[in-house]
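Descriptive structure summary
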Amino acid sequence: MFLFNAWYIVAEPDEVAGGGVVARTLLGRRVAVYRGASGVLVGLDDFCPHRLAPLSLGTVVGDGIRCAYHGAEFGADGICVRVPGQKAVPPRARVRTYPVVERHGYIWIWMGDPAGAADESSIPEGFWVSGDPAWIGGYGHIESIRSDYRLINDNLFDITHAEFVHPESFGGVEVQYYRNARPGEQFVDQGMTFEIGDRSIRFRTHAARLGLEGGPLWRSMVAQSRGVAEWNEPVDFRMEVIWWAPIYTSFHISVRPADEPDAAPVEIYNLHAAVPESETSSHYFYRSIRNYGDPSMDAMFIDAANFVFHQDKPILEGQQAVLGTRDLLDTDPISFAGDRLQLEGRRILGRLLAAEQEA
């Protein structure tokens, strides 16, 4: 089930540069997105109403697009303005368009009610860092993962799996705090606190002196920022994670040497979007952005993020293969201590889906 009245990442800015047209299936619908000559962003159903050829195969002409099959031209409003070889344009020659905006370093599309409901303020403000030039990092995405977006949401909530799936990066003792998370608004040393909102969940963890028992990635961040090969001294580690319904998650990690409390923190943001493609597949967009280094490090960070998610991918696709078209919760699975926030996220999403269907 999809929440249509929400903003979804549909493309990275570079994908629509230079007349490029992005073809992507979101929420079971084929859409084409491009940037017109005036700079306007256009999103429309990806088919020509003449013979259903994909408009994404066509050419951007001004702010419109020309079908590659028989040359019919459509304006940015989706209305056909020209059919080669004839004067009259059939009145039904039009396609549905969707609101599209650029914000926080991404192209976003609204697939739901077009009657004034596409409020840009509902785009997750926590993604601001993605468009801030003071933070640097690259883009990555994986097309058509064979996994329901809700399984990817669950996986991002589920910090405990890192101990077993990602031990060489961030699977240290700090992830074990998650099993004993409790309500709260502050960082607690060797603990995890969480807050549950109407459309979001926030949780945070802290380790004032995290040594070799912690995830290697945190010490690597300090080493990279200081230009040394390795850092084996304890670090002061903080992580805050925010999920925004229906599909967005940010991880903000801040570390500094534990014995240098006045040192400027070394920080990264990992941004995740599990965009539904179909009932059983998703597009996964991600960024790894930091406050140190230079652009020459971007590829290394994106490669690392890609490596980590490809560790998750076979498990997620394996879950989906077992589930088929069923939803996980319909199978009455058992729960562990680390499942609480996953289930809270499912409840929030279920409530929003039910409200949209009733409207």
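This write-up is about the structure you can find in this document. (Residues numbered from 1 in each chain as written. Predicted model: local features only at pLDDT ≥ 70, side-chain atom pairs only at ≥ 80, totals over all residues. Heavy atoms only, no water.)

Our focus in this paragraph is the sheet that holds strand β16 (residues 235-244). With respect to topology, 8 strands assemble into an open sheet ordered β12-β19-β18-β17-β16-β15-β14-β13, the strand pairing being mixed. Two strands lie at the open edges of the sheet, namely β12 (136-145) and β13 (182-183), each paired on one side alone. Both β16 and strand β17 (residues 248-257) contribute to a ladder of 10 bridges, which runs antiparallel. By the bridge assignment, Glu240 is partnered in β17 with His252. The strands touched by helix α3 (residues 216-226) are β15 (200-210), β16, β17 and β18 (266-278); relative to β17, the strand with the most contacts, the crossing angle is about 65°. Contacting β14 (191-196), β15 and β16, helix α5 (residues 340-358) runs over the sheet at an angle of about 160° to β15. (Pairing = 2+ DSSP bridges. Helix = DSSP H or I, 4+ residues; strand = E, 2+ residues; numbered from the N terminus. Contact = heavy atoms within 4.5 Å. Axes fitted to C-alpha atoms, helices over the stretch in contact; angles between N-to-C directions.)

As a further point, take helix α1 (residues 149-157). Burial within α1 is extensive, with 9 of its 9 residues counted as buried. Within the span of α1, buried status applies to Tyr149, Arg150, Leu151, Ile152, Asn153, Asp154, Asn155, Leu156 and Phe157. (Buried < 20%, exposed > 50% of the residue type's maximum accessible area, 1.4 Å probe, protein only.)

The subject of this paragraph is α5. Relative to the 27 Å expected for 19 residues at 1.5 Å per residue, α5 spans 27 Å between its end C-alpha atoms, a close match to the ideal helical length. Within α5, burial applies to Leu341, Gln342, Glu344, Gly345, Arg346, Ile348, Leu349, Leu352 and Leu353. (Expected span 1.5 Å × (residues − 1).)

Another point: the sheet that holds strand β1 (residues 7-11). Across the sheet, 3 strands lie side by side as β1-β11-β10; this open sheet has antiparallel pairing. The open sheet terminates on both sides in strands that have one partner only, identified here as β1 and β10 (100-103). In this sheet, neighbouring strand axes are inclined to one another by 40° on average, regardless of whether the strands run parallel or antiparallel.

Summed over all chains, the structure comprises 24 salt bridges. Between Arg346 and Asp327 there is a salt bridge whose closest N-O contact spans 2.7 Å. Of the two residues, Arg346 is situated in helix α5 and Asp327 in the loop between α4 (298-323) and α5; the sequence distance between them amounts to 19 residues. Among the residues examined, Arg346 registers a relative accessible area of 11% and is labelled buried. Accessibility expressed as a relative area gives 14% for Asp327, which makes it buried. Because the salt bridges share partners, they merge into one network encompassing Asp148, Arg150, Asp154, Asp327 and Arg346. (Salt bridge = Lys/Arg side-chain N within 4 Å of Asp/Glu carboxyl O.)

Attention now goes to the packing of α1 against α4. In a pair of packed helices, the angle between the axes and the distance between the axes together describe the arrangement. Direction vectors running N to C along α1 and α4 enclose 135°, while the axes themselves pass 10 Å from each other. By the criterion of interaxial angle, the relationship of α1 to α4 is oblique. Between α1 and α4 lies a crossing whose hand is right-handed. Across the interface between the two elements, Leu151, Ile152 and Asn155 from α1 touch Phe309, Asp312, Leu316, Gln319, Gln320 and Leu323 from α4. (Parallel < 35°, antiparallel > 145°, perpendicular 65-115°, else oblique. Left-handed = near helix turned anticlockwise from the far one by under 90°.)

Using the criterion set out here, one finds 18 aromatic pairs in the structure. An angle of 70° between the planes, with centres 6.1 Å apart, marks the rings of Trp108 and Phe127 as edge-to-face. With Trp108 in strand β11 (residues 106-110) and Phe127 in the loop between β11 and β12, the pair connects residues that are 19 residues apart, well separated along the chain. Taking relative accessible area as the criterion, Trp108 reaches 0% and is therefore assigned buried. With 6.2 Å between their ring centres and 75° between their planes, Tyr292 and Phe301 make a pair best called edge-to-face. (Phe/Tyr/Trp six-rings, centres within 6.5 Å; stacked < 30°, edge-to-face > 60°.)

β11 sits mainly inside the fold: 5 of its 5 residues count as buried. Burial along β11 is two-sided: the residues Tyr106, Trp108 and Trp110 and Ile107 and Ile109 are all buried. Alignment of β1 against β11, held across 4 bridges, turns out to be antiparallel. Residue pairing for β11: Trp7 is matched across the bridge by Trp110. Bridge analysis of β10 against β11 gives 4 bridges, and the strand direction is antiparallel. Bridge assignment links Glu102 to a residue of β11, and that residue is Ile107. Hairpin connection between β10 and β11: a loop of 2 residues separates the two successive antiparallel strands, and His104 in this loop has a positive phi of roughly 50°.

Our focus in this paragraph is the pairing of β17. Most of β17 is tucked away, with 9 of its 10 residues classed as buried. Adjacent in sequence and paired antiparallel, β16 and β17 are bridged by 3 residues. In terms of strand pairing, β17 meets β18 through 8 bridges, oriented antiparallel. Bridge assignment links Ser250 to a residue of β18, and that residue is Leu271.

Right, let's talk about unusual backbone geometry for a bit. Residue Pro246 is bonded to the preceding Ala245 through a cis peptide linkage, with omega at 5°. Structurally, the position occupied by Pro246 is in the loop between β16 and β17. Of note, the phi angle at Ser144 is positive, near 50°, even though the residue is not glycine. Relative to the helices and strands, Ser144 is located in strand β12. Residue Asp332 is not a glycine yet carries a positive backbone phi of 55°. Within the secondary structure layout, Asp332 lies in the loop between α4 and α5. Look at Asp332 and you get exposed, because its relative accessible area is 66%.

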